[in-house]
Amino acid sequence: MSKVDEFEELRPLLFSIAYRILGSVGEAEDAVQETWLRFDASATRPASAKAFLSTTVTRISIDVLRSARVRREEYVGPWFPEPLLNDPYQDPAHSAELADSVSMAALLLLERLSPLERSVFVLREVFAFGFDEIAAAVGRSEAACRQLLVRARRHMHAGRPRFEADRQERQELAARFFDALREGDVVGLRDLLAADVSMVGDGGGKAPQLARAVVGAENVARLLATVFPLLARIDVTFEPHEVNGRPGAVFRDRDNKVLHILALEVLDGQIQTIRSVINPDKLGHLGPVADAWAVDREVKQARREMTVQAVTDNPALRSTGAGIKNGEQRWE
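Just so we're clear, the structure is a prediction, and the values are computed from it rather than from any experiment. (Residues numbered from 1 in each chain as written. Predicted model: local features only at pLDDT ≥ 70, side-chain atom pairs only at ≥ 80, totals over all residues. Heavy atoms only, no water.)

Some remarks on the packing of helix α3 (residues 49-73) against helix α7 (residues 131-138)
Part 1 of the argument: Two numbers describe how α3 lies on α7: the axes approach to 8 Å, and their chain directions differ by 50°. For the element pair α3 / α7, the angle class is oblique. For the crossing formed where α3 meets α7, the hand is right-handed. Contacts between α3 and α7 involve Thr55, Thr58, Arg59 and Ile62 from the former and Ala136, Ala137 and Val138 from the latter.
Part 2 of the argument: Counted by class, the contact of α3 with α7 contains 4 nonpolar, 2 polar and 1 charged residues. (Axes fitted to C-alpha atoms, helices over the stretch in contact; angles between N-to-C directions. Helix = DSSP H or I, 4+ residues; strand = E, 2+ residues; numbered from the N terminus. Parallel < 35°, antiparallel > 145°, perpendicular 65-115°, else oblique. Left-handed = near helix turned anticlockwise from the far one by under 90°. Contact = heavy atoms within 4.5 Å. Nonpolar A, V, L, I, M, F, W, Y, C, P; charged D, E, K, R; others polar.)

A look at the pattern of salt bridges
Part 1 of the argument: Applying the stated criterion to the full structure yields 24 salt bridges.
Part 2 of the argument: Residue Glu6 pairs with Arg45 through a salt bridge whose shortest N-O separation is 2.6 Å. Within this pair, whereas Glu6 is found in helix α1 (residues 3-22), its partner Arg45 is found in the loop between α2 (25-41) and α3, the two being separated by 39 residues in sequence.
Part 3 of the argument: Relative accessible area serves as the criterion here: at 18%, Glu6 is assigned to the buried category.
Part 4 of the argument: Overall, Arg45 belongs to the partly exposed group, its relative accessible area being 44%.
Part 5 of the argument: Between Arg246 and Glu265 there is a salt bridge, with the nearest N and O atoms lying 3.9 Å from each other. Remark: Glu265 occurs in strand β5 (residues 258-267) and Arg246 occurs in the loop between β3 (237-240) and β4 (248-252); sequence separation between them is 19 residues.
Part 6 of the argument: When its relative accessible area of 3% is taken as the criterion, Arg246 is described as buried.
Part 7 of the argument: Residue Glu265 is classed as buried on the basis of its relative accessible area of 8%. (Salt bridge = Lys/Arg side-chain N within 4 Å of Asp/Glu carboxyl O. Buried < 20%, exposed > 50% of the residue type's maximum accessible area, 1.4 Å probe, protein only.)

As for the packing of helix α6 (residues 115-126) against α7
Part 1 of the argument: Between α6 and α7, the shortest axis-to-axis distance is 10 Å and the interhelical angle comes to 145°. Crossing geometry of α6 relative to α7 is assigned as right-handed. Packed against α6, whose contacting residues are Leu116, Ser119, Val120, Leu123 and Arg124, the element α7 presents Phe131, Ile134, Ala137 and Val138 at the interface.

Section: α6
Part 1 of the argument: Under the 1.5 Å per step criterion, the end-to-end length of α6 is 16 Å for 12 residues, consistent within 8% with the ideal 16 Å.
Part 2 of the argument: Burial runs high along α6: 10 of the 12 residues are buried.
Part 3 of the argument: Turning to α6, its buried residues number three or more, namely Pro115, Leu116, Glu117, Arg118, Ser119, Val120, Phe121, Val122, Leu123 and Val126.
Part 4 of the argument: Among the structural elements, α1, α3, α4 (95-101), α5 (104-110), α7 and α8 (142-159) are those in contact with the buried residues of α6.
Part 5 of the argument: A positive backbone phi angle near 55° is found at Ala128, which sits one or two residues after α6. (Expected span 1.5 Å × (residues − 1).)

What about the sheet that holds strand β1 (residues 193-202)?
Part 1 of the argument: Spatially, 6 strands are ordered β2-β1-β6-β5-β4-β3 in an open sheet, and the strand pairing comes out mixed. Among the strands making up the open sheet, the edge pair consists of β2 (214-215) and β3.
Part 2 of the argument: Pairing between β4 and β5: 5 bridges, direction antiparallel. In the strand pairing of β5, Arg252 is matched with Val258.
Part 3 of the argument: Helix α9 (residues 167-183) contacts β1, β3, β4, β5 and β6 (270-277) of the sheet and is inclined by roughly 130° relative to β5.
Part 4 of the argument: Docked against the sheet, helix α11 (residues 217-233) engages β1, β2, β4, β5 and β6, running at close to 50° with respect to β1. (Pairing = 2+ DSSP bridges.)

Have a look at this one:
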């Protein structure tokens, strides 16, 4: 095999390692590219390309994560990982670990770990690397890596939910959710949501986002049933799609540009969390990105037109000052 062939064969694995350490598609791709440059520049061929490349991408990712921590502390609003629609690395022997570790919930738990703990956990628990390989990758002794793994497991297990739905249950529940969303069915939506469901958006200050998390089945159902018919009115469409291995959807404007991503977390037979990623910096890898501010202006105009129409159709509303307010949410 040539160096190029060896590298390309291992590229999916390298990206998957880097993405789980970094939570960013762009940063993971950059880490993989830097790994290739170092591999290509090496004067000798390593005995194991996999060991060399895995070590290199891990060390690069650790360095990037340490600098990214500062940026994330200054981030405007909630920070979510960049959505991943398709994981390029597949391994039937570890399919469950791969799927679980890439979910939004798991990646947010990984954010609690130190860069070294996170790297050791990913290499061992997700990709089943030996401790000798992990020690070489992170530059610590095997004993130190074992201790790092113990601490990482403790943090991860403490934050994991007790009851998680299987894949078929998640898909069936998501299908019902998106059907109710298309119809603006408040009751149908409410029945699928956990009593303490939360809906949170990541705009990063670069797109309209929820001013605060919306909590409670009634509040979330009314917000969804109000906003999405307005989006449909201005030709925004959505297509259900797995997001980070969990049910979700890609929303697009009338020009088919990506507007935002919706990701659902299903626990104990109900939707527990709805996460929306609308920060354009986190969507560029999915294709051309919509102007979310322009869409927001159109939504507000559509709401005003619907309010005027409602008052025109029902003059009694004029005396009460009522309008279409149910589920309306303040945006930043």
